[in-house]
Amino acid sequence: MEMIHSFVSAHNIIISAGLLILAYIFIATEKIPKVTIALLGAGITILLGLVSQTKLTEGTFNPEYFINFVDFNVIFLLVSMMIIVNISTRSGIFNWIANELLKHTKGHPIKILVALGLFTAVTSAFLDNVTTVILILPITFAIARKLEIDPLPYLLTEIFTSNIGGTATLIGDPPNIIIGSAAGFSFMDFLYNLTLPVAVIFVLIIGILAILFKKNLHADSDKMQEVANMDNTKTITDKSLMIRSLIVLGLVITGFVTHDITHIETCVCAMLGASVLLLFEKPGDILKDVEWNTIFFFIGLFIIIGGVEASGGIKLMAEWILKVTQGSQEAASMLILWASGIISGVIDNIPYTATMAPMIGVIEAAKGAEYTFPLWWCLSLGACLGGNLTIIGAAANVIVSENASAEGHPIAFLRFLKYGIAVVGISLAVCTLYIKIMYL
């Protein structure tokens, strides 16, 4: 074992980078569950000594202790928000809001497309994308059946708008949670810096989709009347739970917004909110619905990337970016924006962001916070919006695709790609213009 450790120590950058690349490959192929890959990779990283198993070294804290590389701000924020959303959903409040929105369209198919897109985008900014599409899918299929039209235009719109809307806030998409924790950005920092480009992209994309799908969205007037007159009085299943959930959710979001004044971390606000709601529930019933696969995937991934960081691999990547861009802030920004947009469409944007965040942190240490400020936003915009490129680009895409197939409306990879290239191309072009005007 001593011989193995000395070999690993001599080649730690190559071995840690090789482990990360292997993990990427297996995650992309989806032959083995990604949580299994992440935990196996983390175990090997610790076993090989790329990160340390011991908390103390000669009585002092060991900076390479594997737990130090796990970002618990991200972990606790994710778990807490999952609990809050799971409890709130049980009241029926989100379905009620969606139905009310649809009633105001009077059953007009194009107006429904805009309404579904708007609901998905706004909800994805405050809940996670996966929860949002799970909420909206049954409503979408029910409307398509009532109107006797193809649900695919609606499903594609929901995928695109969930990824667009999730880009706007700290809690909308997991990459933003990683970036917020690494860069020290607050909830309001994301709103201030990302709301404008996201709003512009949403309006452009929803307008283009409405034009593209117009010929596929026709319904009889009597069918439209059914949607306009749908009964929404029984959608709220538990009024006291609804009131409780809305109060807590409102207070948690207020806590996020006032972070710069109170200096209470977002994960603490979310933990308090989740704990208050759990007082009225059976914790076992709620905690079993938390996406533990996602949580342990994050933990394993942080440890694998910790191995690359501890070996000096992340620093090497940062130096390479600075060399390629010759220290130009504009070149570095554009490289990160477009590379993130394309790569995140092919591989999961979570491991990609988790790898890039510490690298930008190293660049910040070398060049200063002012230099890296636009780089963080380029990473966020590219990683989140790039998920629209392919049907496997984001978790929400996969869930919609699987549900569509089960309902007899499969979404072909190439058909999605045709729209995805256009949506991502337009999105990144808008972001390029925005970054250049605002920061460079």
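Above this text sits the structure in question.
Residues take numbers from 1 onward in each chain, read along the sequence in its written order. The predicted nature of this model means local features are confined to residues of pLDDT at least 70 and side-chain atom pairs, given and counted, to a pLDDT of 80 or more, with totals for whole chains, interfaces and linings taken over all residues. Water and hydrogen atoms play no part in the side-chain values, which are based on all heavy atoms of the structure.

> Before we move on, can you summarise the overall build of the protein chain with the specific residues and values?
Regarding its fold elements, the protein chain presents 22 helices and two strands. Against the globule reference of 22 Å for 440 residues, the protein chain gives a C-alpha radius of gyration of 23 Å, in line with a compact fold. Dimensions along the principal axes, computed over C-alpha positions, put the protein chain at roughly 75 × 50 × 45 Å. Put simply, the protein chain has 440 residues, and 54% of those count as buried. Segments assigned H or I by DSSP are reported as helices when at least four residues long, segments assigned E as strands when at least two residues long, and all are numbered from the N terminus. All radius of gyration figures rest on C-alpha atoms, and the globule criterion is 2.2 Å times the number of residues raised to 0.38. The classification of residues rests on relative accessible area computed with a 1.4 Å probe and restricted to protein chains. Under 20% of the type maximum is buried, over 50% is exposed, and intermediate values are partly exposed.

> Tell me about the side chain of Thr-161, and name the residues and values.
Topologically, Thr-161 is positioned in helix α8 (residues 152–166). The exposure class assigned to Thr-161 is buried, which follows from its relative accessible area of 1%. Contact between two residues is taken to exist if any of their heavy atoms lie within 4.5 Å; hydrogens are not considered. The residues contacting Thr-161, other than those within four sequence positions of it, are Gly-117, Thr-120, Ala-121, Phe-202 and Ile-206.

> Just give me the short version of the pattern of salt bridges, but keep the residues and values in it.
Here, a salt bridge means any side-chain nitrogen of Lys or Arg that lies within 4 Å of a carboxyl oxygen of Asp or Glu. As enumerated under the stated definition, the model contains four salt bridges in all. Between Arg-145 and Glu-407 there is a salt bridge whose closest N-O contact spans 3.2 Å. With Arg-145 in helix α7 (residues 129–147) and Glu-407 in the loop between α21 (395–406) and α22 (413–439), this residue pair connects regions lying 262 residues apart in the sequence. Between Lys-436 and Glu-330 there is a salt bridge; the shortest N-O distance is 3.4 Å. Separated by 106 residues along the polypeptide, Lys-436 in helix α22 and Glu-330 in helix α18 (residues 329–346) bring together distant segments of the chain. Its relative accessible area of 38% is what places Glu-330 among the partly exposed residues.

> Tell me about the nonpolar core, and please be specific about residues and values.
Buried Ala, Val, Leu, Ile, Met, Phe, Trp, Tyr and Cys residues form a nonpolar core when they are joined through side-chain atoms within 4.5 Å. Ranked by size, the top nonpolar core spans 145 residues in total, and within it Tyr-154, Phe-256 and Ile-411 carry the most contacts. Those residues in contact with Ile-411 that lie beyond four places of it in its chain are Leu-152, Leu-155, Leu-156, Ile-159, Ile-391, Val-400, Ser-401, Ala-404 and Phe-416.

> With reference to specific residues and values, describe the packing of helix α16 (residues 292–311) against helix α19 (residues 349–367).
Only the stretch in contact is used when fitting a helix axis, every axis being a line fitted to C-alpha atoms; angles between N-to-C directions are given from 0 to 180 degrees. Where α16 meets α19, the axes come as close as 10 Å, and the angle between the chain directions of the two elements is 35°. Crossing handedness for the pair α16 and α19: right-handed. Here α16 contributes Phe-297, Phe-298, Leu-301, Ile-305 and Glu-309 to the contact with α19, which in turn contributes Ile-350, Pro-351, Ala-354, Thr-355 and Pro-358. Within the contact of α16 with α19, the residues separate by chemical class into eight nonpolar, one polar and one charged. Should the near helix be turned counterclockwise from the far one by less than a right angle, the crossing is left-handed, whereas a clockwise turn marks it as right-handed. When residue character is reported, Ala, Val, Leu, Ile, Met, Phe, Trp, Tyr, Cys and Pro are called nonpolar, Asp, Glu, Lys and Arg charged, and the others, Gly included, polar.

> Would you mind going over α16 in detail, with residue names and values included?
Look at α16: 29 Å from first C-alpha to last across 20 residues, which is about the 28 Å you get at 1.5 Å a residue. By the criterion of burial, α16 is predominantly enclosed, with 15 of the 20 residues buried. Phi for Gly-312, located one or two positions after α16, is positive at around 95°. To estimate how far a helix should reach, multiply one less than its number of residues by 1.5 Å.

Keep in mind these numbers describe shape, not what the thing actually does.
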